[in-house]
Amino acid sequence: MSGNKKEWLRRLLGVVMPREQVTHLFLREHLFVTLCKKAPVTMGAIVILATVVLFLFLPFVNPYVIGAWYLCVAVLSLIRLLKATKGCPDAQKSLDERYGAFRKEALLMAILWGFAAFAFFPEGETVYEMLLIFFILMLASASTVNLAIDRPVAAIYVYFLLVPLSLRLLLTGGTLYIGLSAAILLYGALLIMSIRQIGAVLQKGVRQHGELGALQNRMQMILEQTPAGIFYYDRTLKIVECNRVFTEILGVSKERLIGFDLHGMKDKKLLEMIKQVWKERRTLKFDGLYTSILSGKKIWISATIAPLIESDGRMVGAIGAVEDKTLEHEALEKAEFLAYHDSLTSLPNRKLLGDRFDSQIAQAGRKKFYSSLLFLDLDRFKHINDTYGHNIGDELLKESARRLLKVLRKSDTVCRLGGDEFIIFLPMISEDLTQSVQHTLSVSQKIHNTLAESFEIEKHKLFISTSIGAVMIGTRGESLDEVLRCADIAMYHAKKLGRGVTSFYEEFMDEQIKNSIRMEKELRHAIDKDELKLYFQPILDIGTNEIMGAEALLRWEHPSGMTLLPSEFIPVAEESQLIHQIGRWVIEEVCRTFNRWETQKERTPPYISVNLSPKQLRYNGFFERTAEIVQKSGVNPSALKFEITESVLIEDSDRAKELIDRFKQIGIGFMIDDFGTGYSSLSYLKRFDFETIKIDKSFIRDILRDEDDMALIKAILDIARQFSYSVIAEGIESREQKEKLQTLDPDILYQGYLYSGPLCEADFLTLMRKS
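Cut-offs used in this document
- Residues numbered from 1 in each chain as written.
- Predicted model: local features only at pLDDT ≥ 70, side-chain atom pairs only at ≥ 80, totals over all residues.
- Heavy atoms only, no water.
- Buried < 20%, exposed > 50% of the residue type's maximum accessible area, 1.4 Å probe, protein only.
- Helix = DSSP H or I, 4+ residues; strand = E, 2+ residues; numbered from the N terminus.
- Pairing = 2+ DSSP bridges.
- Axes fitted to C-alpha atoms, helices over the stretch in contact; angles between N-to-C directions.
- Parallel < 35°, antiparallel > 145°, perpendicular 65-115°, else oblique.
- Left-handed = near helix turned anticlockwise from the far one by under 90°.
- Contact = heavy atoms within 4.5 Å.
- Expected span 1.5 Å × (residues − 1).
- pLDDT = per-residue confidence, 0-100.
- Arc of directions from axis to C-beta.

So what's going on with the pairing of strand β13 (residues 532-541)? Residues and values would help.
Counting buried residues in β13 gives nine out of 10 residues, a clear majority hidden from the surface. Pairing geometry for β13 and strand β14 (residues 547-557), over nine bridges, is antiparallel. Pairing of I539 across the sheet is with G549, part of β14. The hairpin turn running from β13 into β14, its antiparallel successor, is five residues long, and N545 in that turn takes a positive phi close to 60 degrees. Bridge analysis of β13 against strand β21 (residues 749-751) gives two bridges, and the strand direction is antiparallel. Residue pairing for β21: D541 is matched across the bridge by L749.

As structure tokens, this is what we get:
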């Protein structure tokens with residue numbers, strides 16, 4: 001960067017330069033600007049004075065000498081004048097160069113006039129002598145004022161003017177001339193002393209002016225760059241100044257805001273606060289909705305107004321700082337709404353239901369009124385969700401919510417618990433129980449009717465029904481948890497009756513709960529009593545029927561003599577936390593089985609897959625315990641695979657990814673079980689390192705006649721190829737299903753009753769020997 005550019009940069013960034021340097025630069029710039037402005041007058045005056053000297057003293061001086069002198073004065077004046085008219089300062093030169101040129105030109109002009117005082121002195125012509133002395137003294141006095149801001153230059157200028165004149169008078173001789181010479185020297189000394197005083201005053205004024213200007217620039221910069229809206233109003237409540245942010249907040253130009261009378265504000269609360277600041281002379285704050293009278297813009301603001309008080313106690317106005325809180329307010333409103341409402345349907349959630357239930361049941365109890373609560377579950381919603389996708393499912397839920405609202409009273413509450421479950425609370429129906437039951441039945445029938453009508457969603461015509469569990473609430477002040485528990489039991493009883501019906505809670509339904517408690521007790525001893533068994537279902541190549549693996553399936557040989565499937569006792573195990581103990585036993589048993597088969601030199605499948613419960617994955621220490629089991633058993637980790645459902649990925653995807661990656665490092669791979677029945681997403685396949693996708697049997701069942709299922713299977717196969725996953729089709733029960741799948745993908749694996757159902761260990765080994 002060149003020197004002149006650096007200097008201009010320093011000037012532009014003077015706010016961060018040392019104070020002395022800023023003042024020094026400002027003094028010079030001020031001098032240049034002042035002289036440029038005065039150049040036409042001063043140079044014109046000098047040329048006029050030189051012309052007068054030329055004509056008055058031409059008779060007494062060599063014409064060539066005075067002509068040359070006059071030419072020099074005129075040319076030098078013209079140069080100064082041209083520089084002034086072209087613009088000052090000259091941006092092509094540095095500050096030092098410009099300042100040096102100025103000094104040289106000023107001193108050269110002084111030398112020319114000093115020469116005139118010495119050379120043009122008309123000895124013996126008293127009048128002309130006095131005129132010349134007057135002209136020189138006049139120039140010296142004028143230079144004292146004009147150049148005093150630069151004291152060295154002003155002093156030298158005076159010296160070059162008066163010393164030659166004084167010397168000429170001294171050489172003339174005579175008492176009068178010697179006295180005049182001494183007087184002129186004394187006058188010069190007084191001028192130089194005056195230059196010191198005048199220069200000091202001028203420099204102080206310029207310095208203060210420069211600092212004040214820098215301060216004003218800083219304040220203006222701070223005002224404009226403050227991230228809050230700033231405005232200032234005077235005693236008459238008229239806006240005097242504001243910054244850019246303030247105009248942006250209000251959506252009004254600065255020109256329209258300056259001079260605006262705050263008495264014209266629409267928001268009287270804010271106006272009263274502004275007046276109160278004036279009356280009470282203290283800072284006040286306003287938070288709320290504001291409507292701009294100029295733009296009509298409605299915004300939520302936070303405004304702080306503070307009085308401006310002079311040192312003598314006079315209040316001259318007030319300053320306000322305004323922040324736009326609209327986005328924050330909207331976010332807060334949304335958060336508050338979501339805290340009490342379902343995000344999908346905007347219906348009240350469980351929390352808001354609890355608040356309304358407590359208050360209305362207390363009121364109903366005082367007035368001896370009966371209330372009721374309905375627990376709704378949409379029948380076959382999962383099938384629709386899985387078949388048409390979650391977007392369709394979500395739209396179905398929202399439309400169901402709208403229909404439910406239409407059949408209820410304003411005092412009733414519709415709540416979505418989650419999934420496809422809704423709660424309807426009917427408070428204060430009647431003092432008569434029979435009438436209350438009839439009203440509840442009437443409402444439930446309206447619900448059945450409105451939900452039974454077809455749903456037109458994205459060109460799909462859908463039909464659903466709902467199972468309803470109803471509970472009558474008396475005047476004893478029952479808790480919501482207890483009422484919901486009873487309604488839930490009644491709803492499941494309604495599903496057992498055939499779906500699409502309403503079932504009122506009765507005490508005998510609690511027997512189901514008792515059975516669950518009984519099962520939990522028995523399940524706690526099932527491992528110790530050796531009642532849990534593993535069955536194995538082969539996984540086969542669809543072309544060769546070669547066994548490529550097996551799935552371990554748990555069975556409980558119950559003391560009653562029945563063999564229970566996992567669907568009958570795993571929910572109880574998950575609720576009672578027994579799932580961790582049972583899951584650990586399954587992994588240990590698979591490892592023991594592998595070792596047993598190896599000892600017996602039996603032919604073993606390449607791997608055995610084990611189903612994992614979501615609760616197992618969420619258990620801290622699951623990886624460490626499982627890795628320890630596999631390591632101690634000596635089984636090759638690659639012979640063990642884990643199957644998880646998509647719901648696990650949704651509930652805690654970060655935890656699931658961490659576990660999958662850690663198990664992958666020790667050689668245990670993962671499969672996605674029942675793929676397509678949950679929230680299937682390509683993002684899961686891309687993010688998680690799976691080995692295999694298992695297509696749920698619900699897609700296989702109707703593959704021969706349902707084009708939608710066929711399309712879904714093709715899509716799953718395409719996805720698997722893209723990510724290099726192997727695919728297992730579950731639930732193959734007919735040769736036609738197998739052949740259909742084989743035409744879609746000859747490399748697909750399958751399992752199902754067509755080849756073999758789950759087998760006990762002995763039967764599975766027999767099958768392995770034959771294969």
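Any details on the packing of helix α19 (residues 579-599) against helix α21 (residues 622-633)? Residues and values, ideally.
Taken N-terminus to C-terminus, the directions of α19 and α21 make an angle of 15 degrees; their axes are 10 Å apart at the nearest point. As the angle between them shows, α19 and α21 are arranged roughly parallel. Judged by the twist between their axes, the crossing of α19 over α21 is right-handed. Across from R584, I587, E588, C591 and N595 in α19, the residues of α21 making contact are F622, R625, T626, I629, V630 and S633.

Kindly report on the sheet that holds strand β5 (residues 315-324), identifying the contributing residues and their values.
An order of β2-β1-β5-β4-β3 is seen for the five strands of this open sheet, with the pairing classed as antiparallel. Two strands lie at the open edges of the sheet, namely β2 (239-242) and β3 (284-291), each paired on one side alone. Put simply, the sheet's adjacent strands are angled 25 degrees from each other on average, direction ignored. Where β3 and strand β4 (residues 298-309) come together, eight bridges link them in antiparallel fashion. Within β4, the residue paired with K285 across the bridge is T304. Sheet strands in contact with helix α10 (residues 268-280) are β1 (229-234), β3, β4 and β5, and its direction is about 155 degrees off that of β3.

Please provide a residue-by-residue account of the sheet that holds strand β7 (residues 413-418), values included.
Strand order in the open sheet formed by five strands is β7-β8-β6-β11-β12, and the pairing between neighbours is mixed. The open sheet has two free edges, formed respectively by β7 and β12 (502-504), since each of these has just one partner strand. For this sheet, the mean inter-axis angle between neighbouring strands, taken without regard to orientation, is 20 degrees. Where helix α15 (residues 433-452) meets the sheet, its contacts fall on β6 (370-379), β8 (421-430), β11 (465-473) and β12, and the angle it forms with β11 comes to roughly 165 degrees. Contacting β6, β8, β11 and β12, helix α16 (residues 480-496) runs over the sheet at an angle of about 140 degrees to β11.

With reference to specific residues and values, describe helix α6 (residues 151-172).
For α6, which comprises 22 residues, the first-to-last C-alpha distance of 32 Å matches the rise-based estimate of 32 Å (1.5 Å per residue) to within 8%. Positive backbone phi, at 85 degrees, marks G173, one or two positions downstream of α6.

Give me the lowdown on the confidence of the model for the chain, citing residues and values where you can.
Per-residue confidence for the chain gives a mean pLDDT of 82, with 86% of residues at or over 70. Throughout residues 1-25 the model reports pLDDT below 50, and contacts reaching past four residues in sequence, or to other chains, amount to 24 contacts. Contacts for the low-pLDDT stretch residues 87-92, under 50 throughout, to residues beyond four places or in other chains number 10 contacts.

Can you explain helix α26 (residues 707-723)? Please cite residues and give values.
Given 3.6 residues to a turn, an α-helix orients residues that are three or four positions apart in the same direction. The first and last C-alpha atoms of α26 sit 25 Å apart over 17 residues, in line with the 24 Å expected at 1.5 Å per residue. Those residues of α26 that sit buried are D709, M710, I713, I716, L717 and A720. For α26, the buried positions fall inside an angular range of 125 degrees around the axis, keeping them on one side. More than 90 degrees from the buried face of α26, the exposed residues found are E707 and Q722.

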